[in-house]
Amino acid sequence: MLAENYEKVKQEIKGAAARAGRDIDLVKLVAVSKTVGIDQVRLAADLGITDFGENRVQEAEAKVSAMPGLKWHFIGHLQSNKVKDVLPFYTLVHSLDRLSLAKALQRCAERSDIAVEALIQVNVSGEKSKFGLSPEDLSCFIAQMRSFDRIKIKGLMTMAPFVDDPEETRPFFSRLRKLRDENAGAGQELTELSMGMSNDYIVAVEEGATIVRIGSALFS
Ligand SMILES: *Cc1c(COP(=O)(O)O)cnc(C)c1O
């Protein structure tokens, strides 16, 4: 049940933030609605959830256009030719992972005379199945982003490996936090850390997540 799940997730986030001595208001919940329809999104919005995550442009289109008052986060791999379908409708792109995508975002934002907020996706674990920049390439990429005046880099995003014991994800989340701290101030704010999904968000919040992306723990 969504209402009970939401209550439980909120309590877990609160507990994790308290254990880490963190301000609960600095942790935003993005409800990942990729597997559910408009009805569930409406229910979630009625419960007070304001931010939703989708990873596929086409599948999300009906939901996004039906609920324009919500904040939509694009969390999936983004093809450059889909940028125009994402840009005006989404609050934050979590998956900036290459120069060619930055170029497409900049071009499209210029054309619509808007700015786009994005997170740089980092492949901290180095798994071949995952998208994202390698940690070694991050500072150079951030420096390159200075010439993209329409892109506001708000922080970093990562996905931890899928493991049975969430405790094993801790080093990946703390690594992302360290990368953020090392690169902050280089012309970009880098306040946000988008990390933590249904099975590892508690550890992620303990390690400094400012955005958690939660699907199945809410919608099942
Ligand atoms: C699906 C997805 C999530 C949510 O996953 P759950 O395990 O259902 O919480 C979070 N982030 C990304 C990038 C996703 O694709």
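Residues numbered from 1 in each chain as written. Predicted model: local features only at pLDDT ≥ 70, side-chain atom pairs only at ≥ 80, totals over all residues. Heavy atoms only, no water.

Asker: Can you walk me through helix α5 (residues 99-112) in this structure?
Answerer: Within an α-helix, residues lying three or four positions from one another point in the same direction, as the helix has 3.6 residues per turn. Counted at 1.5 Å a residue, the expected span for α5 with its 14 residues is 20 Å, and the 20 Å between its end C-alpha atoms agrees. Taken as a whole, α5 has its buried residues at Leu101, Ala102, Ala104, Leu105, Gln106, Cys108 and Ala109. Each element contacted by the buried residues of α5 is listed here: α4 (83-86), β4 (92-96), β5 (116-121) and β6 (151-157). (Helix = DSSP H or I, 4+ residues; strand = E, 2+ residues; numbered from the N terminus. Expected span 1.5 Å × (residues − 1). Buried < 20%, exposed > 50% of the residue type's maximum accessible area, 1.4 Å probe, protein only. Contact = heavy atoms within 4.5 Å.)

Asker: What am I meant to see in the pattern of salt bridges here?
Answerer: Working definition: two side chains of opposite charge can pair if their charged atoms are close together. Scanning all chains against the criterion turns up 17 salt bridges. Residue Glu7 is joined to Lys10 by a salt bridge in which the shortest nitrogen-to-oxygen separation is 3.6 Å. Taken as a pair, Glu7 and Lys10 lie in helix α1 (residues 2-19) at a separation of three residues, close to a single helical turn. The partner of Arg56 in a salt bridge is Glu59, with the nearest N and O atoms 3.8 Å apart. Exposure remark for Glu59: the relative accessible area of 47% places this residue in the partly exposed category. Here the residues in one salt-bridge network are Arg19, Glu167, Arg170, Arg177, Glu206 and Glu207, joined through shared partners. (Salt bridge = Lys/Arg side-chain N within 4 Å of Asp/Glu carboxyl O.)

Asker: Would you mind showing me how to read the side chain of Lys63 here?
Answerer: Secondary-structure assignment places Lys63 in helix α3 (residues 57-66). Among all residues touching Lys63, those that are not within four sequence positions of it are Ser33, Lys34, Val36, Gly37, Ile38, Val41, Glu54 and Trp72.

Asker: Just checking my understanding: could you explain the site of the ligand for this structure?
Answerer: Taken together, Val32, Lys34, Ile75, Met159, Met197, Ser198, Arg213, Ile214, Gly215 and Ser216 make up the full set of residues near the ligand. One nitrogen or oxygen atom from the side chain of Ser198 is found 2.5 Å from an oxygen atom belonging to the ligand. Here Gly215 contributes a backbone N or O atom positioned 2.8 Å from an oxygen atom of the ligand. Protein chains shield 87% of the accessible area of the ligand, which is 380 Å² for the free molecule. (Near = heavy atom within 4 Å. Polar contact = N/O pair within 3.5 Å; in protein donor to acceptor, adjacent residues only side chain to side chain. Areas by Shrake-Rupley, 256 points an atom, 1.4 Å probe, with all protein chains shown as cover.)

Asker: Is there a simple way to explain unusual backbone geometry in this structure?
Answerer: When glycine is set aside, most residues are seen to have a negative phi, and most peptide bonds are trans. In this structure, Asp113 is a non-glycine residue whose phi angle is positive, near 55 degrees. Assignment of secondary structure puts Asp113 in the loop between α5 and β5. Unusually for a residue other than glycine, Leu190 sits at a positive phi of about 50 degrees. For Leu190, the position within the fold is in the loop between α7 (170-183) and β7 (192-194).

Asker: Which parts of the structure should I look at to understand the pairing of β4?
Answerer: Walk down a regular strand and you will see the side chains alternate between the two sheet faces. With five of five residues buried, β4 is to be regarded as a mostly interior element. Looking at chain direction, strand β3 (residues 71-74) and β4 are connected through two bridges and run parallel. Bridge pairing in β4 links Phe74 to Val93. The sheet contact formed by β4 and β5 spans two bridges and is parallel. What sits directly across from Leu96, in β5, is Ile120. What joins β4 to β5 is α5, and the crossover it makes is right-handed. (Pairing = 2+ DSSP bridges. Right-handed = clockwise from strand over helix to strand, strands pointing away.)

In short, geometric facts, not functional conclusions.
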